[in-house]
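Here is what each chain is made of, one letter per residue.
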Amino acid sequence: MTGHRQPRPGPAGATQATPAILVAAVASLADADEAIAAGADMIDGSALSSQAVAAIRARHPGARLWAGSPAVTHVMGESPAAVVATAAVLAWLGTPAIRTRHVLPVRRAIDMACSIAGTRLPAITTRGLA
């Protein structure tokens with residue numbers, strides 16, 4: 001699902017859209033560890049055993065596990081570049097959550113799109129490029 005979400009109040013009464021949530025689709029405990037380190041907001045544990053889910057909860061007590069929602073858009077593609085480009089467009093359009101196996105590049109694309117859209121501060125600012 002794509003669409004614009006309702007703006008939320010920001011600093012000094014300004015309004016801004018909430019950045020997209022990155023849901024990492026993982027197949028193992030090691031994948032979950034890597035996804036959390038790469039910046040995933042939530043882990044899709046639907047393909048994991050109950051022991052692996054328990055291990056994630058023990059190893060990462062603050063990690064949020066995805067239980068499924070129709071508001072999540074799964075980003076797929078034949079190449080990582082297509083996945084990243086799709087995620088950037090979806091974040092720009094205001095998709096509430098994006099699910100992927102390519103966590104690090106998609107996290108960067110979401111952050112970049114949200115910085116350009118003005119819904120988050122840029123990671124690095126550079127002035128006077130001359």
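Everything numeric here is computed off the predicted structure, so don't read it as measured data.

Definitions and cut-offs
- Residues numbered from 1 in each chain as written.
- Predicted model: local features only at pLDDT ≥ 70, side-chain atom pairs only at ≥ 80, totals over all residues.
- Heavy atoms only, no water.
- Salt bridge = Lys/Arg side-chain N within 4 Å of Asp/Glu carboxyl O.
- Patch = residues over 30% accessible without salt bridge, like charges linked within 9 Å, V, L, I, M, F, W, Y side chains within 5 Å.
- Areas by Shrake-Rupley, 256 points an atom, 1.4 Å probe, with all protein chains shown as cover.
- Helix = DSSP H or I, 4+ residues; strand = E, 2+ residues; numbered from the N terminus.
- Buried < 20%, exposed > 50% of the residue type's maximum accessible area, 1.4 Å probe, protein only.
- pLDDT = per-residue confidence, 0-100.
- Contact = heavy atoms within 4.5 Å.
- 1 Å grid on protein atoms, 1.4 Å probe; cavity = no way out; pocket = protein on both sides within 12 Å on 5 of 7 lines; lining within 4 Å.
- Points joined across faces, edges and corners; volume = space filled by probe spheres on them.
- Nonpolar A, V, L, I, M, F, W, Y, C, P; charged D, E, K, R; others polar.
- Expected span 1.5 Å × (residues − 1).
- Pairing = 2+ DSSP bridges.
- Right-handed = clockwise from strand over helix to strand, strands pointing away.

Engineer: When you look at the pattern of salt bridges in this model, what are you seeing that I'm missing?
Structural biologist: Charged atoms that come close allow side chains of opposite charge to pair. Under the defined criterion, the tally for this structure stands at five salt bridges. We note a salt bridge from D111 to R120, for which the minimum N-O separation is 3.8 Å. When salt bridges with common partners are traced through the structure, they connect D41, R107, D111 and R120 into a single cluster.

Engineer: Explain a nonpolar patch on the surface to me, please; I cannot follow it from the model alone.
Structural biologist: Judged by side-chain polarity, V89, W92, L93, M112 and I116 come together as a nonpolar surface patch covering roughly 500 Å² of accessible area. The leading source of residues in the nonpolar patch is helix 3 (residues 80-93), at three residues. For L93, the position within the fold is in helix 3. Judged by its relative accessible area of 33%, L93 falls in the partly exposed class.

Engineer: What exactly am I supposed to notice about the confidence of the model for the chain here?
Structural biologist: Do not read the fine detail of predicted coordinates wherever pLDDT is low. Per-chain confidence: the chain averages 79 in pLDDT, with 80% of residues scoring 70 or above. When mean pLDDT is taken per element in the chain, helix 1 (residues 29-38) scores highest with 93 and strand 1 (residues 8-9) scores lowest with 44. In the model, residues 1-15 has pLDDT below 50 throughout and makes 27 contacts with residues more than four positions away in sequence or in other chains.

Engineer: What is the right way to look at the layout of surface pockets in this model?
Structural biologist: Empty space among the atoms becomes apparent when a probe as large as a water molecule is rolled across them. In this structure, the largest pocket encloses a volume near 180 Å³. As for the largest pocket, its lining consists of 13 residues, of which D31, E34, A35, R101 and V103 are closest to the centre. Mapped by element, the contributors of at least two residues to the lining of the largest pocket are strand 3 (21-25), helix 1 and helix 4 (103-117). Here the residues of the lining of the largest pocket are counted per class, giving eight nonpolar, two polar and three charged.

Engineer: Hey, could you run me through helix 3 in this one?
Structural biologist: An α-helical turn contains 3.6 residues, so a residue and the one three or four places further along point in the same direction. Under the 1.5 Å per step criterion, the end-to-end length of helix 3 is 20 Å for 14 residues, consistent within 8% with the ideal 20 Å. Immediately beyond the C-terminal end of helix 3, within one or two residues, lies G94, with a positive phi of roughly 95°.

Engineer: Just checking my understanding: could you explain the pairing of strand 3 for this structure?
Structural biologist: Remember that side chains alternate between the two faces of the sheet whenever the strand is regular. For strand 3, the tally of buried residues reaches four of five residues, placing the bulk of the element in the interior. Relative to strand 7 (residues 97-100), strand 3 is paired through four bridges, and the arrangement is parallel. Bridging from a neighbouring strand, I21 pairs with A97 of strand 7. Summarising the sheet, strand 3 and strand 4 (residues 42-44) pair through three bridges and their orientation is parallel. Its bridge partner lying in strand 4, A24 is registered against I43. A crossover connection joins strand 3 to the parallel strand 4 through helix 1; in handedness this β-α-β unit is right-handed.

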